[in-house]
Amino acid sequence: MFDDAKIITDLESADANVRFAAWRSAGDATPGAIPRIAKLAASSNPGVAKAAREALTTLAHAVGKDPGNPKRAGVVKGLLDIAAGGGDLGVRAHAIRLLSGIAGEDSVPSIARLFSVAELREEAVFAIERIPGAASDKALIAAFGGVPDDFKPRILAALGHRKTAGAANLVAEACKSPDTGIALAAVKAFGRIGKATNPLPTPLNASTLTPFQASEQFDAALRYAEAQAAAGNGAEAVRVYKHLLGLAPEHLQCAAVIGLAKAGGAEAASAILPMLKSGNSRVRITAQNAWKSMAGQV
């Protein structure tokens, strides 16, 4: 039987080799050792602190390999207790990061409460973003209105990465924000989610954006069009692709041409036709190849 007391003693040893061996064997520790390891993780001795944090990581990874591991629930609870406690912020952040890989939906409410701690918000949203299930989507949607404006873009990014269809209307509304950071994050999230809303968000005024931001908005429109095409809404996809042809940089024009060719149909063909004589050689060649591919579909 593994000796929890020994690992604690070894983790605070003056011998670096002993500390290393202790953290490497920590996967066999019981959840009951977590509070004591956490205290060592906040040690003023850098060697001890590192060994203890690595021990927590080893233990989390050990139970993460097998969802049925009987220790998993206890390890999750131990890490949640660290995260919710009033201890060292670095250790709390480390615990949340570990939870991102092993926590389930039942842990989401506890992690979401940490949005109220400025220093832990990023770790909390990272963890929730990675936890599968509707609880994470609901927590992110519920948190959006209550977090400070400077953190709203991060919530929007998480919703976009998760492609949370239930957040489409919230994200579309956020596209109207007078704060460019929030509005652009919303535009990018809307593109990733790829769900049509009524009304659709209005594109941001290009004159208020940097060239890079404008490119990001074009990219978001392309993602949205691809999602619409995949969902069977070819007409909406073609509408967006046609819009991009008149505004976007050459590489996105090429992507729009390819998208139109995949969508097929008379309207897509009529949009590609003028591009066969484009003054940009890359766009022209892409259009020529797309035209040939469409001809082969007939």
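One can find the structure itself at the top, above this paragraph.
In what follows, the accompanying structure is described.

Basis of the calculations
- Residues numbered from 1 in each chain as written.
- Predicted model: local features only at pLDDT ≥ 70, side-chain atom pairs only at ≥ 80, totals over all residues.
- Heavy atoms only, no water.
- Helix = DSSP H or I, 4+ residues; strand = E, 2+ residues; numbered from the N terminus.
- Rg over C-alpha atoms; globule rule 2.2 N^0.38 Å.
- Buried < 20%, exposed > 50% of the residue type's maximum accessible area, 1.4 Å probe, protein only.
- Contact = heavy atoms within 4.5 Å.
- Lys, Arg positive; Asp, Glu negative; His and termini not counted.
- Charge placed at Lys NZ, Arg CZ, Asp CG, Glu CD.
- Phe/Tyr/Trp six-rings, centres within 6.5 Å; stacked < 30°, edge-to-face > 60°.
- Lys NZ or Arg CZ within 6 Å of the ring centre and 35° of its normal.
- Expected span 1.5 Å × (residues − 1).
- Polar contact = N/O pair within 3.5 Å; in protein donor to acceptor, adjacent residues only side chain to side chain.
- Axes fitted to C-alpha atoms, helices over the stretch in contact; angles between N-to-C directions.
- Parallel < 35°, antiparallel > 145°, perpendicular 65-115°, else oblique.
- Core = buried A, V, L, I, M, F, W, Y, C linked by side-chain atoms within 4.5 Å.
- Arc of directions from axis to C-beta.
- Salt bridge = Lys/Arg side-chain N within 4 Å of Asp/Glu carboxyl O.

## Things to note about the overall build of the protein
Here is step 1: From N to C terminus, the protein includes 17 helices and zero strands.
Here is step 2: Taking 298 residues into account, the globule formula puts the C-alpha radius of gyration at 19 Å, and the protein, at 25 Å, lies well above it.
Here is step 3: Each principal axis of the C-alpha distribution contributes one length, and for the protein these read about 75 × 40 × 35 Å.
Here is step 4: When the 298 residues of the protein are sorted by exposure, 47% land in the buried category.
Here is step 5: Considering only residue pairs separated by 6 or more positions, the protein has 59% of its internal contacts joining residues 24 or more positions apart.
Here is step 6: Here the protein contributes 33 positive and 27 negative side-chain charges, whose respective centroids are spaced 6 Å apart.

## Description of the environment of Lys50
Here is step 1: Tracing the backbone shows Lys50 in helix 4 (residues 46-64).
Here is step 2: For Lys50, a relative accessible area of 45% translates into the label partly exposed.

## Some words on the packing of aromatic side chains
One pair of aromatic rings is described through two measures. These are the centre distance and the angle between the planes.
Here is step 1: Per the counting criterion, the structure on display carries three aromatic pairs.
Here is step 2: The ring centre of Phe126 lies 4.3 Å from the NZ or CZ of Arg97, which sits over that ring.

## With respect to helix 6 (residues 89-102)
Here is step 1: Here helix 6 spans 20 Å end to end across 14 residues, near enough to the 20 Å set by a 1.5 Å rise per residue.
Here is step 2: Of all 14 residues that make up helix 6, ten are buried, and the element is covered over most of its length.
Here is step 3: Those residues of helix 6 not exposed but buried are Val91, Arg92, Ala93, His94, Ala95, Ile96, Leu98, Leu99, Ser100 and Ile102.
Here is step 4: The elements touched by buried residues of helix 6 are helix 3 (34-41), helix 4, helix 5 (72-84), helix 7 (108-112) and helix 8 (121-130).
Here is step 5: Backbone nitrogen of Gly90 and a side-chain oxygen of the N-cap are separated by 2.9 Å at the start of helix 6; the cap is Asp88.

## Comments concerning the packing of helix 10 (residues 152-162) against helix 12 (residues 180-193)
Here is step 1: Where helix 10 contacts helix 12, the axes come no closer than 8 Å and their chain directions differ by 5°. For the element pair helix 10 / helix 12, the angle class is roughly parallel. Residue-level contacts link Lys152, Pro153, Leu156, Leu159, Gly160 and His161 of helix 10 to Gly181, Ile182, Ala185, Ala186, Ala189, Arg192 and Ile193 of helix 12.

## Overview of unusual backbone geometry
Here is step 1: With an omega dihedral of 5°, the bond running from Asn198 to Pro199 counts as a cis peptide bond.
Here is step 2: With respect to the element layout, Pro199 can be found in the loop between helix 12 and helix 13 (211-230).
Here is step 3: At Lys163, a position not held by glycine, the phi torsion is positive, near 55°.
Here is step 4: Among the secondary structure elements, Lys163 is positioned in the loop between helix 10 and helix 11 (168-174).

## Considerations on the nonpolar core
Here is step 1: Among the nonpolar cores identified, the biggest contains 103 residues, and Leu11, Leu79, Ile111, Phe115, Ile155 and Leu156 are the most heavily contacted of them.
Here is step 2: At nine residues, the largest contribution of residues to this core is made by helix 12.
Here is step 3: When near neighbours in sequence (up to four residues on either side) are disregarded, Ile111 contacts Leu80, Leu99, Ala103, Ala124, Ala127, Ile128 and Ile131.

## Focus on helix 9 (residues 134-144)
Here is step 1: Inspection of helix 9 places Ser136, Asp137, Ala139, Leu140, Ala143 and Phe144 among the buried residues, and these make up the whole buried set. Burial along helix 9 is one-sided: seen end-on, the buried residues are contained in an arc of 165°. Residues Lys138 and Ala142 are exposed on helix 9 and point more than 90 degrees away from its buried face.
Here is step 2: Taken together, the buried residues of helix 9 touch helix 7, helix 8, helix 10 and helix 11.

## A few points about the pattern of salt bridges
Here is step 1: If you walk through the whole model with that rule in mind, you get 15 salt bridges.
Here is step 2: The residue Asp10 makes a salt bridge to Lys6 at a minimum N-O spacing of 2.5 Å. With Asp10 and Lys6 both in helix 1 (residues 4-11) and four residues apart, this pair spans about one turn of that helix.
Here is step 3: Residue classification places Asp10 among the buried positions, given a relative accessible area of 15%.
Here is step 4: Judged by relative accessible area, Lys6 falls into the partly exposed class, the value being 48%.
Here is step 5: Connected through shared salt-bridge partners, Glu122, Glu129 and Arg154 make up one network.

## As for the environment of Ala29
Here is step 1: You can see Ala29 is positioned in the loop between helix 2 (16-24) and helix 3.
Here is step 2: Among the residues examined, Ala29 registers a relative accessible area of 0% and is labelled buried.
Here is step 3: For Ala29 and Ala62, which are 33 residues apart along the polypeptide, the C-alpha to C-alpha distance reads 9.8 Å.

## Here we look at the environment of Gly32
Here is step 1: Residue position: Gly32 is located in the loop between helix 2 and helix 3.
Here is step 2: In this structure the C-alpha to C-alpha distance between Gly32 and Ala186, which are 154 residues apart in sequence, comes to 43 Å.

These values are about where atoms sit, not about what they do.
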